[in-house]
Amino acid sequence: MHRSAGRHPTGHCTIIQGVKPAARTVTVMVVDDNKEFRDAMRDLLEGEPGFRVVAEAVSGRQAVDMYARTSPDVVVMDIRMTELDGIEATRQLRRKDPQASVVLVTVGTLQDIPEAARECGAAAVLGKPEIKSSNLFPLLRRVQRDR
Amino acid sequence: MVEAENMRVGGTEDRDTGLPGVSAPIRYQFLDRWVSVVAGGCVLTVALVVGVTAAVGWDRDHPWQAATPRLAHVAVFGFVAVWAMQRPATARFGRVLLVVGLLFAVTSLSGSSNPWLYTIGRLVVPLAEVGLIYAALAFPYGRLVLRRDRLLMATLACAVVVLWTPAVVLNHEFLVGGPLVQCGDRCPANVLAVSQQTTVASGLSSLVFLVLFGCLLGAAGSLVKRYRDTSPVLRRRLLVGTCAGVAYSTVLASYAALAALIPHAQATTAIGWLVIAANLVIPIAFLVALLHGRLIARGVLLSLLRELMVAPDAVAFRMAIADVLEDPTLRLAHRQPDGELIDLQGRPLIERTNAGRAVSEVPGTADGLLLVHDPALRNDPEVFEAVCDAAAVAYDQHRQRLRVKALVEDLRSSRERLAVARDTERRRFERDLHDGAQQGFVAAQVRLGIARTRVSDESAGAESALDEASVQLDHAIGQLRDLAHGIYPAALESDGVAVALRVAASSAALRTGVNGADVGRFPREIEAAVYFSCLEAMQNADKHAGSGAHVNVALTRDAHAVRFAVTDDGKGFDPDDVAGRGGLLNIRDRLEPFGGAASINSTRGGGTAVTGWVPVQAATASRQDDPRASA
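Residues numbered from 1 in each chain as written. Chains lettered and ligands numbered in written order. Predicted model: local features only at pLDDT ≥ 70, side-chain atom pairs only at ≥ 80, totals over all residues. Heavy atoms only, no water.

A.B. asks: Describe helix 11 (residues 381-455) of chain B, with residues and values.
C.D. replies: The end-to-end C-alpha distance of helix 11 of chain B is 106 Å, a good match for the 111 Å that 75 residues give at a rise of 1.5 Å each. The largest bend along helix 11 of chain B measures about 35° and falls at Q438 of chain B. (Helix = DSSP H or I, 4+ residues; strand = E, 2+ residues; numbered from the N terminus. Expected span 1.5 Å × (residues − 1). Bend = angle between axes of the 7 residues up to and from the residue.)

And the structure:
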């Protein structure tokens with residue numbers, strides 16, 4: 001399988017082209033303005049069969065721009081970003097594609113999660129410290145299945 | 001540019017009006033009081049001596065008939081003169097009246113049977129009446145202000161010297177004596193007579209009266225013109241004095257005309273009695289005029305002080321002075337180093353505006369305040385200087401008020417900037433933690449999870465170590481998250497003060513309820529002030545209310561302010577206890593920079609209520625536009 005990487009015009013994100021996910025493979029877009037977290041998420045997801053990171057974005061705006069081209073099954077997106085936060089980006093994605101599935105993540109506690117995060121159409125909200133193989137993969141599969 | 005003289009330069013003459021500049025400030029001298037008292041005493045003594053002399057004079061049948069009114073006349077003059085000399089502004093006028101009173105006292109000698117005394121008494125009569133005209137023209141400051149008045153007085157003096165003196169020396173009898181000199185053939189001889197030229201003397205005497213008639217009418221006209229031309233304030237102060245002067249001049253002119261044409265007619269005698277009555281009345285009229293002028297001056301000053309003390313700005317300040325001086329064109333100004341005048345807003349006063357204007361310095365002002373005004377105001381130096389003095393005091397107070405107001409505003413603004421900067425720094429620090437350490441820890445946690453998955457089948461020891469590291473990392477992430485939350489809670493940024501307080505309440509030691517979900521959003525700094533104020537009160541309740549107490553936080557908003565009340569049913573404390581005020585001071589420091597306030601009510605065993613508010617005006621300012629990321 002051939003895979004090539006192309007740069008987004010802004011230079012901040014990577015679109016993985018030529019990937020033809022196998023059946024039941026969950027394609028994921030990771031959106032976070034922290035590179036360490038994006039890399040960790042890529043390593044986590046790429047290390048698990050049936051999951052593929054098809055795009056990365058550093059902001060909500062880039063995620064909205066790239067969504068139509070990459071059509072990921074699930075968008076894993078940080079809530080708090082400087083250029084279009086995850087909540088507003090989720091709203092815009094859901095306006096463009098009502099089937100868009102977004103899992104919002106945050107470093108805060110559940111109490112810190114804004115009320116708007118529960119009403120913006122996100123499929124789930126997850127605390128970053130709680131991200132583990134044991135709960136992330138089932139969650140993403142469930143979200144994909146529920147689309 | 002303005003050519004007028006500085007009002008404090010004495011003796012200068014105004015180029016536009018021909019009026020003299022205002023003399024140096026009138027300052028009361030202690031000796032003046034004694035000088036005036038002694039002078040008044042001398043006049044009374046002279047009057048007494050002269051009166052007694054007259055009483056034993058040629059009118060043996062009615063010795064007091066002539067002496068009594070003359071004594072009363074001189075006494076009234078002396079009283080008014082001494083009264084006027086008590087006040088610095090009218091001291092000179094008082095001295096003029098004193099001299100005139102002295103002259104009238106001397107006229108009493110015309111009742112003497114001694115030829116020399118009789119002659120002196122008759123000679124001084126016209127001088128006394130001319131002196132009274134001088135007093136009328138010089139009212140109320142005792143000096144002749146206008147050139148035409150000085151010319152009139154010079155003409156009268158010349159008439160007396162050039163015409164009256166020959167008329168006296170060319171006749172053994174005085175031709176016209178007036179009603180009080182009805183001695184007829186019992187009159188003593190004129191000791192100054194050198195020959196008997198009755199026709200020439202009579203002609204000269206008539207000529208004197210005609211000149212006197214013209215000058216008196218001129219004096220009356222001059223008084224009327226001065227009244228019309230002067231400033232409105234001085235016009236009101238001159239009203240009584242001018243009426244008295246015009247009336248006296250007119251009556252005396254009438255007598256002069258009749259004495260010149262029909263000296264022995266009954267009409268002349270009747271008018272003569274009117275002159276005597278006028279001589280008696282006019283010093284009283286001057287007294288009334290001085291009192292009236294003083295009342296007006298006092299009213300002007302009171303009105304000015306009332307207006308000046310509440311004048312909110314330079315425009316109102318100028319209007320207040322312009323109003324009381326009734327000079328709508330009056331301007332306040334400063335002089336530039338190059339001599340140009342600028343108003344208090346720094347705009348130049350253009351020449352067209354200043355043409356024919358006078359410039360006077362307001363003494364004692366720190367920055368050399370000037371008045372650009374109608375030159376006629378200088379004709380009333382008493383009021384004008386008092387207004388300048390009052391303006392100086394009020395102006396300095398006005399400047400002090402402005403300075404204090406600016407300092408208070410600077411202080412409030414500084415406190416607001418500090419509060420905003422503190423919260424901005426908190427937000428920045430919290431964001432740094434979020435974007436830096438917290439994200440790094442979370443990423444490390446994810447990688448630990450990956451490592452845990454990969455090593456699980458190969459090494460039980462490594463699996464255990466990774467699990468332990470993961471637990472420690474979880475703990476560190478929790479601590480870091482709590483730290484960031486304490487610095488600036490994400491919920492405050494994303495959902496506002498009510499939600500943030502609910503989050504804080506969920507981790508409070510005491511059971512805490514939060515009401516006010518519908519309070520809405522405010523500018524970031526206001527929300528931070530209210531949030532941290534409530535948090536301070538909640539933490540104080542946690543510490544001091546005692547276990548088992550309940551805390552309630554209520555947020556409300558009305559048209560004027562956002563308000564909060566943090567109440568508990570705990571132990572309470574004595575409000576006089578200084579130690580209990582520390583939290584309140586912190587809350588005040590939070591609220592006062594934005595115009596808010598806080599108070600605390602507590603009684604031992606009766607719980608505590610901390611209430612506060614921030615004006616809604618401050619809260620209506622739009623929030624900063626920088627992106628507000630959520631959670």
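A.B. asks: Help me get a handle on the nonpolar core, residues and values and all.
C.D. replies: All names here are of chain B. Core analysis: the biggest nonpolar cluster contains 55 residues, and L97, F104, L132, I133, Y248 and F286 have the highest contact counts within it. Listing elements by their share of this core, those giving two or more residues are helix 2 (63-85), helix 3 (91-107), helix 4 (115-138), helix 5 (147-169), helix 6 (198-229), helix 7 (232-261) and helix 8 (266-310). Not counting residues within four places of it along the chain, the set of residues in contact with I133 comprises M153, L156, L216, A219, Y248, S249 and L252. Judged by nonpolar contacts, the second largest core, of 46 residues, contains I487, A504, L535 and F564. (Core = buried A, V, L, I, M, F, W, Y, C linked by side-chain atoms within 4.5 Å. Buried < 20%, exposed > 50% of the residue type's maximum accessible area, 1.4 Å probe, protein only. Contact = heavy atoms within 4.5 Å.)

A.B. asks: Account for the packing of aromatic side chains, with residues named and values stated.
C.D. replies: Residues and elements named next belong to chain B. Taken as a whole and judged by the stated rule, the model has 8 aromatic pairs over all chains. Their ring planes at 15° and their centres at 5.7 Å tell us that F139 and F286 sit as a pair that is stacked. With F139 in the loop between helix 4 and helix 5 and F286 in helix 8, the pair connects residues that are 147 residues apart, well separated along the chain. The two residues F139 and F286 agree in class, both being buried. One aromatic cluster is present, formed by F93, F139 and F286 through successive ring pairs. The residue whose ring lies beneath R426 is F532, and the NZ or CZ to ring-centre distance is 4.4 Å. For the cation-ring pair, R427 lies above Y488, with the distance from its terminal atom to the ring centre recorded as 5.6 Å. (Phe/Tyr/Trp six-rings, centres within 6.5 Å; stacked < 30°, edge-to-face > 60°. Lys NZ or Arg CZ within 6 Å of the ring centre and 35° of its normal.)

A.B. asks: Describe the interface of chain A and chain B, naming the residues involved and giving the relevant values.
C.D. replies: Contact residues are listed per partner, giving 31 residues for chain A and 33 residues for chain B. Here chain A meets chain B over a buried area of about 2600 Å², counting both sides, of which 53% is carbon and sulfur. Note that R447 of chain B is salt-bridged to D43 of chain A, the shortest N-O span being 2.5 Å. At the boundary of chain A with chain B, the tally comes to 3 residue pairs in polar contact (both at pLDDT 80 or more). Those elements that place two or more of their residues in the side of chain A that touches chain B are helix 1 (35-46) and helix 4 (115-119) of chain A. Broken down by element, the residue count for the side of chain A that touches chain B peaks at 6 residues, all from helix 1 of chain A. Per-class residue counts for the side of chain A that touches chain B are 12 nonpolar, 8 polar and 11 charged. (Buried area = accessible area lost by both parts, 1.4 Å probe. Salt bridge = Lys/Arg side-chain N within 4 Å of Asp/Glu carboxyl O. Polar contact = N/O pair within 3.5 Å; in protein donor to acceptor, adjacent residues only side chain to side chain. Nonpolar A, V, L, I, M, F, W, Y, C, P; charged D, E, K, R; others polar.)

As far as function goes, none of this settles anything; it's purely spatial.
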